[in-house]
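Breakdown of the fold
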Amino acid sequence: MKTLVFIQIRDDKIEENTLGILNKIKTSISGAKIIGALLGKDLKDEWIQELGLHGVQQVVTVDLPDLEFYLSATYSKTMMEIINQVNPKFVVAAGTVYGEDLIPRLAVKNASSCAQRIVDFTIEGDSLHFHTPVRDDQAMKITQVVGDIIFATSRPGAFFVDENPSGATPEIMSISVAFNDADKLVKHIEIKKAERTVNLKDAKVIVAAGRGVAGKENFQIIRELADLLGGQIGATRACTDVHWIEETYEIGQTGQSVSPDLYIAAGISGAPQHMSGVKAKTLIVINTDEGAPIINYADYAIIGDMHTILPILKEKLK
Amino acid sequence: MKIVVFIQQIVSTQVKLQGVDYFDASRVSDDDLVINPTDKNAIEGALKLKDSQGAEVTAVCVRGNKPNKALKEAIAMGCTNAIEIADEAFYTDDPYLLAKIYVKALEKIGEYDLVLLGVEEQSSSSFAAPAMLAEMLNIPSVLYAEEMETIDTGFRVGHVLEGGKKVVAIPQKALVSCSDSQYFIPRYTTMRGILAAKKAVIPIWSASDLGLEISEINADAASLKQISLTNIVIEKETFLIKEGEPEEMVDKLLAKLKEDEVKLGAC
Ligand SMILES: Cc1cc2nc3c(=O)[nH]c(=O)nc-3n(C[C@H](O)[C@H](O)[C@H](O)COP(=O)(O)OP(=O)(O)OC[C@H]3O[C@@H](n4cnc5c(N)ncnc54)[C@H](O)[C@@H]3O)c2cc1C
Ligand SMILES: Nc1ncnc2c1ncn2[C@@H]1O[C@H](COP(=O)(O)O)[C@@H](O)[C@H]1O
């Protein structure tokens, strides 16, 4: 099956979830021809080599100043050009903000729908069955996309990266695309990169808070608990969005990924975008709402007010 | 300015369907029907513009059981008008068909400047409708917005991005999907709004009112086909502490952690 993968670059490297998709395709579609679509400005040869290692047989490159930043119109137009040239059967991207923007547009340009946020797929005859968790991960929906070309995005964190890739140098095909004013109605202003001053990846213990913390000053107790346990603090985007805490502490799809032995989550509802960054051996939850989705993931949960529970916990741990 | 907000009504994800028949509609009461959370954020985005510069805000609901309830709530929050779009033939589990219905709704509404939606439909976990609609309308768009600011040429919008935030400028005629950020936290309904909602006459448009053939929007027309839907049975057992004084709860937790030999410190 000819498969076109939208390659995403982040921090000057090929983004993890994209590598995860490559591994999944390589291991589950036998005889797949994997083509990578690499768009941008000043594309690097090392990325192409890395794609080859991870199983990409052909890389289509489009290196243009107008592609320096992702914009829906320029990127979807370029991807259509690539699709027309390579004729794939399956087009897939990691379900990042960009991937989820791009794939539905391509599907519409091909007059069909798409499967989003898949965590798995299986091959049934000559079609693909997509697995998507729905309703805050309460149920699993299996779908099929009908069309000449099948479009899908993966859920971040769904697929593992091959740690020992062994592919060869890919074939390179370079194409060009022309844009007009109508393609540039959305203007890029800036990317505000979150400063990553603290690395949470190796933390063994993390005490994290969400919107329930209800204010900047309340992070004090989170810090104290973390210090007491010799760990780090963490937060949801809801907290970094309002600057209750520095952006470096954001955990999840758009923040850092963590895998501590112990994760204490207070005032966090457990949105998939947060949970996709958390792989903890033990999860302790403090939440006022027994219906919060995070309870489903918890090993231990106290249904109560974090503002009263945490100080008591701190005293008892001393 | 004319703003159209598309909202969906879902069965609240607080209603746990684990272990029960997922399709048992008898388990769902009116109280369980809510406006899809981020769609409420979109209403807030529209109302902020209405407050600051005046706007006619029309809420439109296509998807869900008894959409009238969601639309009344939208008016109670401050929307100017509401339109219900309903037809037994509609199959809205495919975002492509849903976006197609939205396109027709906008054609019938006529003039509009800005189209707002939420970022995801929480119950079906579909993220595709906003991007599909923008593509079908062929208008500039920004997804996953976290804040909006009016500028001479339209709007300056900050949106969610892995590793930070991205800021773009869009013209006034555009589509924006709104996320769960502080800027879009929805307001409560007001007494005045609730009275307005009581009086409001909400038209109902059917497929034929929109000029849609049944064969274009029914389940057979879907290109995203559902094969199955099953409960995820979570094997993980949660030790749940929900009774007692706070101190007792903490004691219970610590005792259980000790019994399970969970190490609390990093060293
Ligand atoms: C594309 C995209 C990417 C995203 N990436 C991320 C990401 O990387 N990381 C991330 O975190 N989010 C991310 N988000 C946002 C995410 O969807 C949620 O909006 C966010 O995680 C919610 O944060 P929260 O749990 O703190 O807030 P809420 O969902 O508002 O939950 C607050 C919780 O606190 C509880 N609570 C309230 N008061 C108390 C109290 N006194 N004591 C105890 N509990 C209390 C409530 O019951 C509730 O469960 C992303 C969103 C999008 C669209
Ligand atoms: N409690 C429920 N009872 C019946 N059907 C449900 C329930 N929850 C979800 N569904 C199904 O899931 C789809 C999406 O639900 P909704 O939350 O209304 O958008 C519906 O069309 C139903 O098929």
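The structure reproduced in this document is the subject of the present report. Only a predicted model underlies this, so the values are computations on that prediction, with no experimental measurement involved. (Residues numbered from 1 in each chain as written. Chains lettered and ligands numbered in written order. Predicted model: local features only at pLDDT ≥ 70, side-chain atom pairs only at ≥ 80, totals over all residues. Heavy atoms only, no water.)

1. Quick word on the site of ligand 1
Note the cut-off: A cutoff of 4 Å decides nearness: a residue is near a molecule or strand if any of its heavy atoms lies inside that distance of it. By the criterion applied in these results, polar contacts are pairs of N or O atoms within 3.5 Å in which, for protein atoms, one can donate a hydrogen and the other can accept it, and in which residues neighboring in sequence qualify only through two side-chain atoms. Methods summary: accessible areas were calculated by the Shrake-Rupley approach with a probe of 1.4 Å, and residue burial reflects only the protein chains presented. Helical segments are the DSSP runs of H or I of at least four residues, strand segments are the runs of E of at least two, and each set is numbered from the N terminus.
Around ligand 1 lies a shell of 31 residues, among which Arg211(A), Thr236(A), Thr254(A), Ser269(A) and Asp180(B) are the nearest. Among the chains of the assembly, those with residues near ligand 1 are chains A and B. In this structure, Gly255(A) approaches ligand 1 through a main-chain N or O atom, which is 3.4 Å from an oxygen atom. Protein contact buries 86% of the 980 Å² of open area that ligand 1 shows by itself. When contributions to the shell around ligand 1 are tallied by element, the ones reaching two or more residues are helix H6 (237-241), helix H7 (272-275), strand S17 (282-287) and helix H9 (306-317) of chain A.

2. Describing the sheet that holds strand S8 (residues 154-161) of chain B
Put simply, the rule reads: Here, a strand pair is defined by DSSP locating no fewer than two bridges between the strands.
The strand order across the open sheet built from 10 strands is S13(A)-S9(B)-S8(B)-S7(B)-S10(B)-S6(B)-S1(B)-S4(B)-S5(B)-S11(B), with neighbouring strands paired in mixed fashion. Each end of this open sheet is capped by a strand with a single partner; those strands are strand S13 (187-193) of chain A together with strand S11 (204-205) of chain B. Here strand S7 (residues 141-151) of chain B runs beside S8(B); their pairing, made up of six bridges, is antiparallel. Bridge pairing links Glu147(B) to Gly158(B) in S8(B).

3. So, the nonpolar core
We apply this condition: To form a nonpolar core, buried Ala, Val, Leu, Ile, Met, Phe, Trp, Tyr and Cys residues must be joined to one another through side-chain atoms within 4.5 Å. Exposure is judged per residue with a 1.4 Å probe applied to protein chains only, and the accessible area is read against the type maximum: over 50% gives exposed, under 20% gives buried, and values in between give partly exposed. Whether two residues are in contact is decided by their heavy atoms: any pair within 4.5 Å suffices.
In terms of nonpolar packing, the biggest core is built from 73 residues, with Ile82(A), Phe6(B), Ile85(B) and Leu133(B) touching the most fellow members. Per-element accounting of this core gives the leading share, nine residues, to helix H3 (residues 95-109) of chain B. When sequence neighbours within four positions are dropped, the list of residues in contact with Phe6(B) reads Asp39(B), Val60(B), Tyr102(B), Ala105(B), Leu106(B), Val115(B), Leu116(B), Leu117(B) and Leu133(B).

4. Focus on the packing of aromatic side chains
The relative placement of two aromatic rings is captured by the distance of their centres and the angle of their planes. All names here are of chain A. To keep it simple, the criterion reads: Here a pair means two rings of Phe, Tyr or Trp (six-membered ring of Trp) with centres within 6.5 Å. Their orientation is stacked below 30 degrees between planes, edge-to-face above 60, and tilted elsewhere. Distance and angle both matter: a charge sits over a ring if NZ of Lys or CZ of Arg is within 6 Å of the ring centre and within 35 degrees of the ring normal.
Under the counting rule described, the total for this entry stands at nine aromatic pairs over all chains. When the centroid spacing of 4.8 Å and the interplanar angle of 45° are considered together, the rings of Tyr70 and Tyr75 count as tilted. You'll find Tyr70 and Tyr75 in the same group, each marked buried. Taking 5.8 Å as the distance between ring centres and 80° as the angle between the ring planes, the aromatic pair formed by Phe90 and Phe121 counts as edge-to-face. Here the residue Phe90 occupies a position in strand S6 (residues 90-94), and Phe121 occupies one in strand S8 (residues 120-124), the gap between them amounting to 31 residues. When sorted by exposure, Phe90 lands in the same class as Phe121, which is buried. Directly above the aromatic system of Phe121 lies the positively charged group of Lys24, at a separation of 5.0 Å from the ring centroid.

5. Details of the interface of chain A and chain B
Put simply, the rule reads: Two parts lose some accessible area (1.4 Å probe) when they are put together, and adding that loss for both gives the buried area. Salt bridges are defined by distance alone: a side-chain nitrogen of Lys or Arg within 4 Å of a carboxyl oxygen of Asp or Glu. The classification used treats Ala, Val, Leu, Ile, Met, Phe, Trp, Tyr, Cys and Pro as nonpolar, Asp, Glu, Lys and Arg as charged, and all other residues, Gly among them, as polar.
The partner chain B presents 81 residues to the 83 residues of chain A that form the contact. Of the roughly 7300 Å² buried at the junction of chain A and chain B (both faces included), carbon and sulfur atoms supply 57%. The three residues of chain A that bury the most area against chain B are Arg135(A), Gln138(A) and Tyr300(A), which together make up 11% of that side's buried surface. In this assembly, chain A and chain B are joined by nine salt bridges. Remark: the boundary between chain A and chain B carries 45 residue pairs in polar contact (both at pLDDT 80 or more). Counting residues per element, the side of chain A that touches chain B draws most heavily on helix H4 (residues 97-109) of chain A, at nine residues. Residue composition of the side of chain A that touches chain B, by class: 41 nonpolar, 19 polar and 23 charged. Sheet topology note: the strand S10 (residues 139-145) of chain A/strand S12 (residues 224-231) of chain B ladder contains seven bridges and is antiparallel. Residue Thr143(A) lies in a different strand from S12(B), and its bridge partner there is Gln226(B).

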